[in-house]
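A structural walkthrough
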Amino acid sequence: MLSSEESLKILKETKALIEGHFILSSGLHSPKYVQCAQLMSKPRQAALICHSLAKKIKSELNNIDVILSPAMGGIVVGYEIGRLMGIESIFSERVNGNFQLRRDFEIKQGANVLIVEDVITTGKSSIECAKLVTINNANISGYACIIDRSNGKTEINDKIISQIKLNIPTYKKENLPKELISIDPVKPGSRNL
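Residues numbered from 1 in each chain as written. Predicted model: local features only at pLDDT ≥ 70, side-chain atom pairs only at ≥ 80, totals over all residues. Heavy atoms only, no water.

The helix and strand inventory of the protein chain stands at six helices and eight strands. Listed by position from the N terminus, the elements making up the protein chain come as α-β-β-α-α-β-α-β-β-β-α-β-β-α. For 193 residues, the compact-globule estimate of 2.2 N^0.38 gives 16 Å, and the C-alpha radius of gyration of the protein chain, at 16 Å, lies within 12% of that figure. By its C-alpha atoms, the protein chain is 50 × 35 × 30 Å across when sized along the principal axes. Counting every position in the protein chain, which comprises 193 residues, the buried fraction comes to 47%. Once local pairs closer than 6 in sequence are excluded, the contacts in the protein chain between residues at least 24 apart make up 66%. (Helix = DSSP H or I, 4+ residues; strand = E, 2+ residues; numbered from the N terminus. Rg over C-alpha atoms; globule rule 2.2 N^0.38 Å. Buried < 20%, exposed > 50% of the residue type's maximum accessible area, 1.4 Å probe, protein only. Contact = heavy atoms within 4.5 Å.)

Shown next as structure tokens:
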């Protein structure tokens, strides 16, 4: 498995970790943004990260029937983890602001579901996916992501298996530090697509 230092080096090399003033999908502001799409666009580096994450998942969970990821950011990561583990991978999409299963994807009653994302900050997308699992009378096996930047302040009550934990500060709009106030914010996430 890759160490945190090796993982961070890969994130920087692939320009998946960038600096500026960003508005996250949660609405919080941050001086750094993790753009896993940049990582996932580089197959060799993405394979190293995902292979290591899959090993961590296998060492902690052994009963997974299907992987569920939120669109957009989690789709490629969920697929790659599913491919490496030999597990079906599906994704949810927003319809009128709410996650739904489309494309004839289904979660069978009693199935054990692993929710996989690229980045977890507040856990909102994972919690919305968990509701789909519950609605379908299935079980949540756990949560996994490449980067956990929640600093333990997530709505997820269960353990999060991550490749790397990053302590990146977030701020509400009314509490921005001086260095962010002077930079025009960018909203790179996909929640409102």
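With that out of the way, let us pick up the sheet that holds strand E3 (residues 66-70). Across the sheet, which stays open at both edges, the six strands sit in the order E5-E4-E3-E6-E7-E8 with mixed pairing between neighbours. Whereas interior strands pair on both sides, the edge strands pair on one side only; in this sheet they are strand E5 (98-101) and strand E8 (160-165). Each strand of the sheet is rotated relative to its neighbour by a mean of 25°, with strand direction disregarded. Bridge count for E3 against strand E4 (residues 88-95) is five bridges, and the pairing is parallel. (Pairing = 2+ DSSP bridges. Axes fitted to C-alpha atoms, helices over the stretch in contact; angles between N-to-C directions.)

Between helix H3 (residues 43-60) and helix H4 (residues 74-85), the least distance of the axes is 9 Å, while the angle of their chain directions is 65°. Crossing angle aside, the handedness with which H3 passes H4 is right-handed. Residues Cys 50, His 51, Leu 53, Ala 54, Ile 57 and Lys 58 of H3 form the contact with H4, whose participating residues are Glu 80, Ile 81, Leu 84 and Met 85. For the contact of H3 with H4, a count of residues per class yields seven nonpolar, one polar and two charged. (Left-handed = near helix turned anticlockwise from the far one by under 90°. Nonpolar A, V, L, I, M, F, W, Y, C, P; charged D, E, K, R; others polar.)

Time to look at H3. Along an α-helix, residues three or four apart share an orientation, since each turn contains 3.6 residues. In this model H3 runs 25 Å from its N-terminal to its C-terminal C-alpha over 18 residues, within 8% of the 26 Å that 1.5 Å per residue would give. Within H3, burial applies to Gln 45, Ala 46, Ile 49, Cys 50, Ser 52, Leu 53, Ala 54, Lys 56 and Ile 57. Its buried side turned inward, H3 meets helix H1 (4-13), helix H2 (36-40), H4, strand E6 (112-120), strand E7 (139-148) and E8. (Expected span 1.5 Å × (residues − 1).)

Our next topic: the environment of Ile 75. With respect to the helices and strands, Ile 75 occurs in helix H4. Distance in space between the C-alpha atoms of Ile 75 and Ile 90 is 7.8 Å, their sequence separation being 15 residues. Setting aside residues up to four positions removed in sequence, Ile 75 forms contacts with Ser 69, Pro 70 and Phe 91.

The predicted model of the protein chain averages 90 in pLDDT, with 97% of residues at 70 or higher. Across the protein chain, H3 holds the top mean pLDDT of 96, while E5 sits lowest at 85. (pLDDT = per-residue confidence, 0-100.)

A few words on the pairing of E4. Working note: regular strand, side chains alternate between the two faces of the sheet. Between E3 and its parallel partner E4, the chain crosses via H4, and the hand of that crossover is right-handed. The pairing of E4 with E5 spans four bridges and is classified as antiparallel. Across the sheet, residue Val 95 finds its bridge partner in E5, namely Asn 98. Counting the residues in the hairpin turn of E4 and E5 gives two residues, including Asn 96, whose phi is positive at 50°. (Right-handed = clockwise from strand over helix to strand, strands pointing away.)

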